[in-house]
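Overview (structure and organization)
Spelled out from the first residue to the last, the chains are:
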Amino acid sequence: MNMWKRNAVVAVVILFICVAVYLNWSYNRGEDLPDAYADGQYEEFEAGKTLGETALVNQTDQSGQEDLPVSETTMPETENKYFSEARLTRQQSRDSALALLRETAGRDGAEQEVRSQADADIELIAKNALSEARIENLIKAKGYEDCVAFISDEGINIVVSATQDGLNQSDVAKIKDIAKSETGLKADKIKIVPVQ
């Protein structure tokens, strides 16, 4: 009976994660949004700011005579948007799962085994979130523009921005070494996906 309850909780968590991913996907595709969102004109609704983009900043020199550009976006907008959306989707799915697990762990009538499993799952999600953040920061420190990591029971998927030529064997080896050192997973459990 206890095994059935545990499996039911896991199935519900997976269901909520799938629903959260679908809702995020449909939201980003422009469904049920004002016409300006569906047409891609986000600026009017979001006060002219888009998450993940860098604006052109002008600064006058000390004489005050001309504007000097200080910063520009270096990554293509679609690539920037992909990584931002992937992080957002990952966080929303994680938040949904955590809310459900916290509710399960805090339920008055729940058995101790169910509470213990929910607490263990919460700890695993937190551990995976920290590992993903460390992996992403270390990969960026190696000179890659951007990346996003997804840790699951089956292994880890790392999406990395690549040049027009893609990633060479040296790049793949560097990224796999980072993932192995942070997670302890074997190389066959690490999948690297280049985004151009």
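Up top you'll find the structure we're talking about.
Definitions and limits used
- Residues numbered from 1 in each chain as written.
- Predicted model: local features only at pLDDT ≥ 70, side-chain atom pairs only at ≥ 80, totals over all residues.
- Heavy atoms only, no water.
- Helix = DSSP H or I, 4+ residues; strand = E, 2+ residues; numbered from the N terminus.
- Buried < 20%, exposed > 50% of the residue type's maximum accessible area, 1.4 Å probe, protein only.
- Contact = heavy atoms within 4.5 Å.
- Areas by Shrake-Rupley, 256 points an atom, 1.4 Å probe, with all protein chains shown as cover.
- Polar contact = N/O pair within 3.5 Å; in protein donor to acceptor, adjacent residues only side chain to side chain.
- Pairing = 2+ DSSP bridges.
- Right-handed = clockwise from strand over helix to strand, strands pointing away.
- Phe/Tyr/Trp six-rings, centres within 6.5 Å; stacked < 30°, edge-to-face > 60°.
- Lys NZ or Arg CZ within 6 Å of the ring centre and 35° of its normal.
- Core = buried A, V, L, I, M, F, W, Y, C linked by side-chain atoms within 4.5 Å.
- Salt bridge = Lys/Arg side-chain N within 4 Å of Asp/Glu carboxyl O.
- Axes fitted to C-alpha atoms, helices over the stretch in contact; angles between N-to-C directions.

This part is about the overall build of the protein chain. Helices and strands together make up the secondary structure of the protein chain, namely five helices and five strands. N-terminal to C-terminal, the α/β element order of the protein chain is α-α-β-β-α-α-β-β-α-β. The burial tally for the protein chain puts 29% of its 196 residues in the buried class. Residue pairs at least 24 apart in sequence account for 55% of intrachain contacts in the protein chain once pairs closer than 6 positions are excluded. Approximately 13000 Å² of the protein chain is accessible, and the part contributed by carbon and sulfur atoms is 52%.

Glancing now at the side chain of Asp 146. Mapped onto the secondary structure, Asp 146 falls in the loop between helix 4 (112–141) and strand 3 (147–152). Take Asp 146: its relative accessible area is 7%, and that puts it in the buried class. Here the side chain of Asp 146 touches Arg 87 through a polar contact of 2.5 Å, side chain to side chain.

What follows deals with the pairing of strand 5 (residues 190–195). The side chains of a regular strand alternate, residue by residue, between the two faces of the sheet. Here strand 4 (residues 155–161) pairs with strand 5 via six bridges, running parallel. Note that in strand 5 the partner of Val 160 across the bridge is Pro 194. Note on the crossover from strand 4 through helix 5 (residues 169–183) to strand 5: the handedness is right-handed.

Attention now moves to the packing of aromatic side chains. Counting across every chain of the model gives one aromatic pair. An angle of 75° between the planes, with centres 5.3 Å apart, marks the rings of Tyr 82 and Phe 83 as edge-to-face. For Phe 83, a relative accessible area of 0% translates into the label buried. In this structure, Arg 90 is placed above the aromatic ring of Phe 150, and the distance from its NZ or CZ to the ring centre is 6.0 Å.

Turning next to the nonpolar core. Ranked by size, the top nonpolar core spans 14 residues in total, and within it Ile 135, Ile 139, Ile 156, Ile 158, Val 160, Ile 175 and Ile 190 carry the most contacts. Elements that contribute at least two residues to this core include exactly helix 4, strand 3, strand 4, helix 5 and strand 5. The residues touching Ile 156, leaving out its near neighbours within four places in the chain, are Ile 135, Ala 149, Phe 150, Ile 151, Thr 183, Leu 185, Lys 189, Ile 190 and Lys 191. Residues Val 13, Ala 97, Leu 98 and Ala 118 belong to the second largest nonpolar core, which totals nine residues.

Another point: the pattern of salt bridges. Tallied over the full model, the rule gives 10 salt bridges. The salt bridge involving Arg 87 is made with Glu 136; its shortest N-O contact spans 3.8 Å. Note that Arg 87 is positioned in helix 3 (residues 77–106) and Glu 136 in helix 4, a separation of 49 residues in sequence. Residue Arg 87 is classed as partly exposed on the basis of its relative accessible area, which comes to 22%.

All right, on to the sheet that holds strand 3 then. Strand order in the open sheet formed by three strands is 3-4-5, with mixed pairing between adjacent strands. Only two strands of the sheet have a single partner each, and these edge strands are strand 3 and strand 5. Strand-to-strand twist of the sheet, defined as the mean angle between neighbouring strand axes without regard to direction, takes the value 15°. Judged from the six bridges that link them, strand 3 and strand 4 form a sheet pairing that is antiparallel. Bridge pairing in strand 4 places Cys 147 opposite Val 160. The strands touched by helix 4 are strand 3 and strand 4; relative to strand 3, the strand with the most contacts, the crossing angle is about 150°. Running at roughly 135° to strand 5, helix 5 makes contact with strand 3, strand 4 and strand 5 of the sheet.

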